[in-house]
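Fold and contact review
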Amino acid sequence: MLEVRGLQKRFGSREVLRGIDVSVRPGELTVVLGANGSGKSTLLRCAIRLLEPDDGSVALCGTDLLGVRGDALRQARRRAAMVFQSVLLVRRRSALENVAFGALGELPLRQSFSTRLFPNEIRARSLESLARVGLADRAGQRAATLSGGQAQRVAIARALCQQASVILADEPVASLDPKAADAVLSLLADVARNERLGVLVVLHQPELARRYADRLIGFLDGRIAFDRAPHAVDDAEIEMLYGDDDDER
Ligand SMILES: Nc1ncnc2c1ncn2[C@@H]1O[C@H](COP(=O)(O)OP(=O)(O)O)[C@@H](O)[C@H]1O
Ligand SMILES: [Mg+2]
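All figures in this text were calculated on a predicted structure; none of them were measured in a lab.

**Comments concerning the site of ligand 1**
All residues adjacent to ligand 1 are Phe11, Val16, Gly34, Asn36, Gly37, Ser38, Gly39, Lys40, Ser41 and Thr42. Element by element, the count of residues in the shell around ligand 1 is highest for helix H1 (residues 40–47), at 3 residues. Its residues assigned to classes, the shell around ligand 1 comprises 2 nonpolar, 7 polar and 1 charged.

Written out as structure tokens, the structure is:
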């Protein structure tokens, strides 16, 4: 679904990705663990070409992402949705409107400017997506008044409404309390398995990773240290990712 091969990226003289291979498969939740600065966010950004990699290949739902430009790139990119640590919702718009924005790329440009007049089909799909994340009763609520966990679930509903095949989530629970974090991870695992999406999540909580991941990837200094089922990864291997120097964390 998302196939990253030999991905390399440098910033100046600093090699941040040193030949990364990652496969995100439908129906699977993959968790990436790794210290700050190890290149996790750079990988996610290169994987949907928000950043230009220096070398390697990215195939997203069969499209060679590095070989397309303009409209073809925009179309291909719509197969993936990003979920960030701080939720990018339009705060004064309702939950429903924010979810519907996920579908707007499909509309002719002029229509997409009048965001209050969504076609019925998109309205219905947005409501369905909100229901899917357990927030049907919040459809009319302004995004600014949602809790952090609810806002993150709205972001996931937006990805569903976009009909993305892949969700890439960069520390989506970093600013949430443990209960909300658990709910968001549980939801991501659920949409992976039941909607057959490929989901890749960057986390800093090994225990959450173990509970929900189908696959654990350890990122160490721009390389992959391991990529296996959670039960086959030792705690010591995870600890090694973070080194023994507290100042580095
Ligand atoms: N746009 C950029 N320009 C220069 N250096 C960058 C840029 N983005 C990230 N870096 C550097 O690349 C390294 C990896 O960053 P990042 O991918 O954000 O790590 P992580 O998400 O694992 O914490 C860091 O050393 C960071 O400072
Ligand atoms: Mg990061």
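**Structural notes on the sheet that holds strand S5 (residues 63–64)**
Spatially, the 4 strands line up as an open sheet ordered S2-S1-S4-S5, and their pairing is antiparallel. The open sheet has two free edges, formed respectively by strand S2 (14–24) and S5, since each of these has just one partner strand. Running at roughly 120 degrees to strand S1 (residues 2–11), H1 makes contact with S1, S2 and strand S4 (55–60) of the sheet.

**Things to note about the pairing of S1**
Sheet topology note: the S1/S2 ladder contains 8 bridges and is antiparallel. Residue pairing for S2: valine 4 is matched across the bridge by valine 22. If you look at the hairpin formed by S1 and S2, you'll find 2 residues sitting between the two strands, and glycine 12 has a positive phi there, around 60 degrees. The pairing of S1 with S4 spans 5 bridges and is classified as antiparallel. Looking across to S4, one finds that glutamate 3 is bridged to alanine 59.

**Considerations on the environment of proline 172**
Residue position: proline 172 is located in the loop between strand S7 (166–170) and helix H7 (178–195). In this structure, the C-alpha to C-alpha distance between proline 172 and aspartate 71, residues 101 residues apart in sequence, is 29 Å. Setting aside chain neighbours within four positions, we find proline 172 in contact with Val83, Gln85, Gln152, Val184 and Val201.

**Comments concerning the sheet that holds strand S8 (residues 198–202)**
Consider a sheet: its strands pair through backbone hydrogen bonds, and that pairing is either parallel or antiparallel. The mixed open sheet is built from 6 strands, whose spatial order is S6-S7-S8-S3-S9-S10. The open sheet has two edge strands, strand S6 (80–83) and strand S10 (223–228), and neither has a second partner. Across the sheet, the mean angle separating the axes of adjacent strands is 15 degrees when strand polarity is ignored. As paired elements, S6 and S7 share 4 bridges and run parallel to each other. Residue pairing across strands places alanine 81 opposite isoleucine 167, the latter belonging to S7. Along the sheet, H1 contacts strand S3 (29–34), S7, S8 and strand S9 (215–220); its crossing angle with S7, the most-contacted strand, is approximately 150 degrees.

**Some details on the packing of helix H6 (residues 148–161) against H7**
As a packed pair, H6 and H7 sit with axes 9 Å apart at the nearest point and diverge in direction by 15 degrees. Taken together, H6 and H7 sit at an angle that is classed as roughly parallel. Viewed along their axes, H6 and H7 form a crossing whose handedness is right-handed. When H6 is examined against H7, the residues Gly148, Gly149, Gln152, Arg153, Ile156 and Leu160 are found in contact with a partner set consisting of Ala180, Ala183, Val184, Leu187, Leu188, Val191 and Glu195. Broken down by class, the residue content of the contact of H6 with H7 amounts to 8 nonpolar, 3 polar and 2 charged.

**Comments concerning the environment of arginine 125**
With respect to the secondary-structure elements, arginine 125 resides in helix H5 (residues 120–132). Given 20 C-beta atoms within 10 Å, arginine 125 falls into the buried group. Arginine 125 sits 36 residues away from cysteine 161 along the chain, and the two C-alpha atoms are 6.3 Å apart. Residue contacts for arginine 125: discarding those within four places in its chain leaves Ala103 and Cys161.

**What to know about H6**
Across its 14 residues, H6 extends 20 Å between first and last C-alpha, which sits within 8% of the 20 Å expected from 1.5 Å per residue. When you tally the buried positions in H6, you get 13 out of 14 residues, the bulk of the element. After H6 finishes, the residue glutamine 163 shows a positive phi value of roughly 60 degrees.

Reading the values: rules and limits
- Residues numbered from 1 in each chain as written.
- Chains lettered and ligands numbered in written order.
- Predicted model: local features only at pLDDT ≥ 70, side-chain atom pairs only at ≥ 80, totals over all residues.
- Near = placed C-beta within 6 Å.
- Helix = DSSP H or I, 4+ residues; strand = E, 2+ residues; numbered from the N terminus.
- Nonpolar A, V, L, I, M, F, W, Y, C, P; charged D, E, K, R; others polar.
- Pairing = 2+ DSSP bridges.
- Contact = placed C-beta atoms within 7 Å.
- Axes fitted to C-alpha atoms, helices over the stretch in contact; angles between N-to-C directions.
- Parallel < 35°, antiparallel > 145°, perpendicular 65-115°, else oblique.
- Left-handed = near helix turned anticlockwise from the far one by under 90°.
- Buried ≥ 20, exposed ≤ 12 C-beta atoms within 10 Å, placed from the backbone.
- Expected span 1.5 Å × (residues − 1).

Geometry only, nothing functional implied.
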